[in-house]
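# Coordinate inspection notes
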Amino acid sequence: MYRQDQQKKPRLADARKRHFGGAAAFKPIEYPFRLNFYTTPPTAEVTLEEFEQWAIDRLRVLAEIESCLYRNKTPDELKATLNPLLKKYLHIESNSAHSTQLFEQRQKDHYSHFILRLAFARSEELRKRFSKAETILFKHRFDSDDGLERSEFITSLGLDWELVSPDERNQLAKPLLAAAGGKKLDEAYFKVDWERVTDLVQSRQVLLKGGKAYVPSSQYSSLVVAEFTSRLDKALELTARALPRLDEDDRLIPILNHLSHGFAAPEYNPSSDTTILSGAPITAGAIDGLSQHFPACMLHLHRTLRSTKHLKHFGRLQYTLFLKGVGLSVEEALNFWRGAFSNMPADKFNKEYAYNVRHAYGMEGGRKNYRAKSCQQILLEHPPGTGEAHGCPYRHFSIDNLTVLLQKQMGVTDQAVLRGVKQDTEATKYHMACNRVFEYAHAAELKREKEKGQTFTTLTHPNEYMVRSWELKNPEAVGVAAVGGGAGTRRAGDKPVEVDMMGGGEMM
Amino acid sequence: MSDHSDHDPAEELPDAPPTKPEIQDSSDDESSGSFAAKRGELKSSPPPTDSKKDIKAIFDSDDDFGSDVDLDADMAAITVDAPDVKPDIKPSSSSSNSDPEEMLAFYKRLFPWRTLFQWLNHSPVPTHDFGHREFAFTLQNDVYLRYQSFATFEMLRKDVIRLNPSRFEIGPVYSANPRDRKTLRKAAFKPISKELVFDIDLTDYDDVRTCCDKANICKKCWQFITVAIKIMDVALREDLGFKHIMWIYSGRRGAHAWVCDKRARTMDDQKRRAVAAYLEVVRGNDKSGKRVNLRRPLHPHLSRSLDVLIENFGQEVLRDQDPWRKEEDAERLLELLQDKTLAAELRKQWTSDPGRSSKQKWDDINSTASKTNSNTLNALKLKSAKEDIIFEYLYPRLDAEVSKHLNHLLKSPFVVHPGTGRVCVPIDHENPENFDPLTVPTVRQLLKEIDEWEAAHKEDAPMSEEEKVPDVDKTSLKPYADYFRRFVQGVMKEEMKEVKVKRERGADAMEF
């Protein structure tokens, strides 16, 4: 969308013309399909108000998608959340609806996408998040698209997929069936390099043969979505490179900056203050006492550390960062770990492990200030293997082992709670299970706070769990104002733009 | 860290906690007894280059100061991103089986430098594939040097002989020379390619192997690795379409695979993750309950693997490992059957007749099932449960983290394992069952073989330079070195073919 030769042209007064292509005359864009790969940038003029409003509307949708991902919602839940939101802010109907609004709807979708591209191309992290959210939005629309229109849309893309001949299809009938797990062969199969459908390879849903993946027509969506993402990623790179050359008047840049700030991830941000709990520094010796406030994941790590006098790498990392978030200083952290590895000679500890602890505190190497791992990270990164104690017990334990942990270590005796936990974990709602246990363990305190008119949101971070628990059990030590918000509040620095981006995220 | 615009070692000094001008002195602040002893040993090894510094060496070592000083910085990536590189070898054992002097002789006389170069360079002429490749050295005093790189194999060889590392690892090819990384913007220094690697380690089998544990291995438990190689090799070739796969004994208790096809080398992390997930079946740990839950019908890769597993299950697991002989161990089997009625019936039977072997117990499942009248039990479900058990006990267990990241370092082939003194030699993928880790030569043995050969040929007429027998040919390392050479020739041939096609196309284009 940006060409270098634009720079050589005399500067046009209208900034938008420069953004959206250099040449003067454009054919008006038509939107034959509901779905759009966003390959052509918009060319018509819009008012500044439309520019901002459309972008904000789209942003609401994308922010909600992020929030759903963050909360580990299932695809069905995501669909249920998105449908009303899309209808309100970014409604697009299919051709069969014969709506008079088709053009306006599709134009808004098209323009808002490109405006946000400008806003989110600036950093690698923003690009990644934007591309992820847009991909999910695309997939959502693709899946709900009208069958006929969808196949016409796919044809219009002109993708180079090799069709499997009927002979080969019949020859491979048995493995094809086994790979898809179905009972009937699909009408058509495509043969593509397996690298193009990594999600299907990963879940073993396609037949692989000689480096080619045999994708059944029922799995088109995977191919189309992968294509969408890879094209969007490439386009975002290009936009990023063109951004510095976009010498803009001061009308759009502030809006764009505003927009990218509004897209703040709804995450709990542990305070880096070392005296977050009671105002007094936490010492290594205090950890055992504090462990009663720990969520199951950290309690399991703590107990494992105490019983085996050792933790493996990812366990140490998860636990060190958690303790750091709680407010343990690096000196105390070193004392804590040295003491905990009591079977180990001090020089071995200093040589092989102290570095790791200091590194987690950003005092070695890249000096990155690592943040305590969120529930999402713990759930998704590095599933624990043999001999490892990290991860999330609600997800990584079998239900029997989880029940034992809850009963023996966390004192959950109420059968109804245990049954609830079982249902939650079976429905892969691990955070719900954890929150359920939290509510059970703090029932009295929560009731008290509720009577005072305080409300609580769902916990999404082990440190949030711990701090909240400590505050509830020690109300006298906490200033009244701090309750509810807690010592570690959600990121407040990025003030959301006009809309409350986290609005959807806070309810659950 | 990375915003140093110019590469001035003096300026970097304050950055690193202990500032040391000499590598040999780096253990100064740790004045424990074992270190003093180790340094004593070091003194007996040839002196560092100081004495013979020419201009070139000064430049070289200058560079090394930089690396040494920010060694801690470099460890960062390793200690956080590469959990497998924990130093798990006790200093005492490292000195017993690989003596620094022997190591030096090994590097000088036996290590296949040229083949290693060709393998990583993909061409006889030095290219960036080799020049921008990261090497990481573990020195005899456990100091770890990352981001080393070399334009040619002579320079690599020279530096290895100078530093005499106890082992070294191979990392990715970067977009620029790793030694220049400090002068570059972050975005300009990125890993761009590396072989797809796999790491299988017997410690991950500790809950199913009964013969040995931890670092120990025997012929019986090595069978797990043999089966793993068979299954992985065929999947990598037939399903994913790779051709150049080399299996390397890791020197103690496992094996590495290096997939060297260009297509594999240029894969990004997402693709690596996909391959790892495609191949991974056994998940979780002892707290996760049933670790294998496969959907039916089995994916073609899994049904093919199951055939191999069944072939080996009777001997390798039931007879050799005998994992369910003890009553408490048999509980695991009963749990995995996922049927309470059947489990109760079997438990009763085994309590009344203790000492039944795993083989007998495995057979009991079917015979008891046919007699038990249970409405929850059906033949199909039981068959699936039994298949899942076979997968759990014998399917390859990957250390998936190693495979998932482009920038992960892995020990180089043909280095010596410091704990065992054994050389990391290739395993023939066509006959993995012929490989016996316990007969892999050690450095000490190889050096003895050279001496013996030379003693036996003392009487021979002195040979000219061309006729001289290379040292490797005097030892039992020869077949392994030959295998490696043949493998590398295959890799190079394919790569050169591509280059040639490109060049021809280029020439055509020029004519117009």
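Source: prediction; values computed, not measured.

## Focus on the overall build of chain B
- Across its full length, chain B carries 20 helices and nine strands.
- Counting only residues that meet the buried cut, chain B has 54% of its 512 residues in that class.
- Sequence-distant contacts, at least 24 apart, represent 72% of the contacts inside chain B between residues at least 6 apart.
- Split by element, the accessible area of chain B, about 23,000 Å² in all, is 52% carbon and sulfur.

## Comments concerning the pattern of salt bridges
- Within the structure shown, the criterion is met by 63 salt bridges over all chains.
- The salt bridge partner of Glu-237 of chain A is Arg-127 of chain A, with a shortest N-O separation of 3.9 Å. Of this pair, Glu-237 of chain A sits in helix α10 (residues 220-242) while Arg-127 of chain A is found in helix α5 (residues 124-143), placing the two residues 110 residues apart along the sequence.
- Classification of Glu-237 of chain A by relative accessible area gives partly exposed; the value is 36%.
- Assessed through its relative accessible area of 14%, Arg-127 of chain A is described here as buried.
- When the shortest N-O distance is used, the salt bridge between Glu-387 of chain B and Arg-296 of chain B registers 3.1 Å.

## Description of the packing of helix α3 (residues 75-89) of chain A against α5 of chain A
All names here are of chain A.
- Closest axis-to-axis distance for the α3/α5 pair is 12 Å, and the angle between their directions is 90 degrees. Judged by the angle between their axes, α3 and α5 are roughly perpendicular. Between α3 and α5, the residues in contact are Leu-78, Lys-79, Leu-82, Asn-83 and Leu-86 and Ile-136, Leu-137, His-140 and Arg-141, respectively.
- Looking at the contact of α3 with α5 residue by residue, the class counts come to five nonpolar, two polar and two charged.

## Thoughts on the UniProt feature "binding site: [4Fe-4S] cluster" (unreviewed entry) in chain A
Residue and element names in this part refer to chain A.
- Summarizing the sequence annotation, UniProt attributes the feature "binding site: [4Fe-4S] cluster" (unreviewed entry) to Cys-297, Cys-375, Cys-392 and Cys-434 in the numbering used throughout. A compact arrangement is adopted by the annotated residues: their sequence extent is 138 residues, whereas the largest C-alpha distance between any two is 10.1 Å.
- Under the relative-accessibility criterion, Cys-392 is labelled buried at 12%.
- For Cys-392, the residues in contact, after removing those within four places along its chain, are Cys-297, Ile-378, Leu-379, Phe-397 and Tyr-430.
- Looking at where Cys-434 falls in the secondary structure, it is placed in helix α22 (residues 430-441).

## Describing the sheet that holds strand β6 (residues 245-249) of chain B
Residue and element names in this part refer to chain B.
- Read from one edge of the open sheet, four strands run β5-β7-β6-β9, paired in antiparallel fashion. Pairing within the sheet leaves two strands with one partner each, and these edge strands are β5 (196-201) and β9 (426-427).
- Both β6 and strand β7 (residues 254-259) contribute to a ladder of five bridges, which runs antiparallel. The residue bridging Ile-245 from the neighbouring strand is Val-259, located in β7.

## Considerations on the packing of helix α20 (residues 399-408) of chain A against helix α21 (residues 415-426) of chain A
All names here are of chain A.
- Look at α20 against α21: their axes get within 11 Å of each other, and the N-to-C directions meet at 140 degrees. Regarding the angle of α20 to α21, the classification is oblique. Crossing geometry of α20 relative to α21 is assigned as right-handed. Where α20 approaches α21, its residues Ile-399, Leu-402, Thr-403, Leu-406 and Gln-407 are matched on the opposing element by Gln-415, Leu-418, Val-421, Lys-422 and Thr-425.

## Considering the interface of chain A and chain B
- Contact with chain A, which involves 46 residues of that partner, is made by 52 residues of chain B.
- Of the roughly 3,900 Å² buried at the junction of chain A and chain B (both faces included), carbon and sulfur atoms supply 55%.
- In this structure, the connection of chain A to chain B is made through three salt bridges.
- Residue Arg-263 of chain B is joined to Glu-195 of chain A by a salt bridge in which the shortest nitrogen-to-oxygen separation is 2.7 Å.

## Some remarks on helix α17 (residues 379-394) of chain B
All names here are of chain B.
- With 16 residues, α17 extends 23 Å between its outermost C-alpha atoms, agreeing within 8% with the 22 Å of an ideal straight helix rising 1.5 Å per residue.
- In terms of residue burial, α17 counts as a mostly covered element, since twelve of its 16 residues are buried.
- Along α17, the positions that sit buried rather than exposed are Leu-382, Ser-384, Ala-385, Lys-386, Glu-387, Asp-388, Ile-389, Ile-390, Phe-391, Glu-392, Tyr-393 and Leu-394.
- Of the surrounding secondary structure, the elements contacted by the buried residues of α17 are α10 (219-239), α13 (300-321), α14 (327-336), α15 (340-352) and α16 (358-371).
- Of the residues that open α17, the one with a side-chain oxygen 3.1 Å from the backbone nitrogen of Leu-380 is Asn-378.

## Notes on the environment of Glu-494 of chain B
Residues and elements named next belong to chain B.
- Inspection of the secondary structure puts Glu-494 in helix α20 (residues 478-511).
- Residues Glu-494 and His-122, spaced 372 residues apart in sequence, show a C-alpha to C-alpha distance of 8.9 Å.
- Here Glu-494 is in contact with Lys-243 and His-244, once residues within four sequence places are set aside.

## What about the environment of Leu-406 of chain B?
Residues and elements named next belong to chain B.
- Here Leu-406 lies in the loop between α18 (400-404) and β8 (410-411).
- Residue Leu-406 is classed as buried on the basis of its relative accessible area, which comes to 9%.
- Taking the C-alpha atoms as reference, Leu-406 lies 8.2 Å from Glu-195; in sequence the two are 211 residues apart.

## Overview of the packing of aromatic side chains
- What the rule picks out here adds up to 51 aromatic pairs over all chains.
- Judged by centre distance (4.2 Å) and plane angle (10 degrees), the rings of Phe-138 of chain A and Phe-228 of chain A are stacked. Of the two residues, Phe-138 of chain A sits in helix α5 while Phe-228 of chain A sits in helix α10, which places them 90 residues apart along the sequence. In terms of burial, Phe-138 of chain A and Phe-228 of chain A fall into one category: buried.
- Centroid distance Phe-137 of chain B to Phe-150 of chain B: 6.1 Å. Interplanar angle 20 degrees. Geometry classified as stacked. Of this pair, Phe-137 of chain B sits in strand β1 (residues 133-138) while Phe-150 of chain B is found in the loop between β2 (144-148) and α9 (153-163), placing the two residues 13 residues apart along the sequence.
- With relative accessibility at 0%, the residue Phe-137 of chain B sits in the buried group.
- Of the aromatic side chains, those joined through ring pairs into one cluster are Phe-106, Tyr-107, Phe-111, Trp-113, Phe-117, Phe-130, Phe-135, Phe-137, Phe-150, Phe-153 and Phe-168 of chain B.
- Positioned over the ring face of Trp-350 of chain B is Lys-361 of chain B, at 5.1 Å from the centre of the ring.

Definitions and cut-offs
Residues numbered from 1 in each chain as written. Chains lettered and ligands numbered in written order. Predicted model: local features only at pLDDT ≥ 70, side-chain atom pairs only at ≥ 80, totals over all residues. Heavy atoms only, no water. Helix = DSSP H or I, 4+ residues; strand = E, 2+ residues; numbered from the N terminus. Buried < 20%, exposed > 50% of the residue type's maximum accessible area, 1.4 Å probe, protein only. Contact = heavy atoms within 4.5 Å. Areas by Shrake-Rupley, 256 points an atom, 1.4 Å probe, with all protein chains shown as cover. Salt bridge = Lys/Arg side-chain N within 4 Å of Asp/Glu carboxyl O. Axes fitted to C-alpha atoms, helices over the stretch in contact; angles between N-to-C directions. Parallel < 35°, antiparallel > 145°, perpendicular 65-115°, else oblique. Nonpolar A, V, L, I, M, F, W, Y, C, P; charged D, E, K, R; others polar. UniProt positions renumbered as here; feature names shortened; annotations may be inferred. Pairing = 2+ DSSP bridges. Left-handed = near helix turned anticlockwise from the far one by under 90°. Buried area = accessible area lost by both parts, 1.4 Å probe. Expected span 1.5 Å × (residues − 1). Polar contact = N/O pair within 3.5 Å; in protein donor to acceptor, adjacent residues only side chain to side chain. Phe/Tyr/Trp six-rings, centres within 6.5 Å; stacked < 30°, edge-to-face > 60°. Lys NZ or Arg CZ within 6 Å of the ring centre and 35° of its normal.

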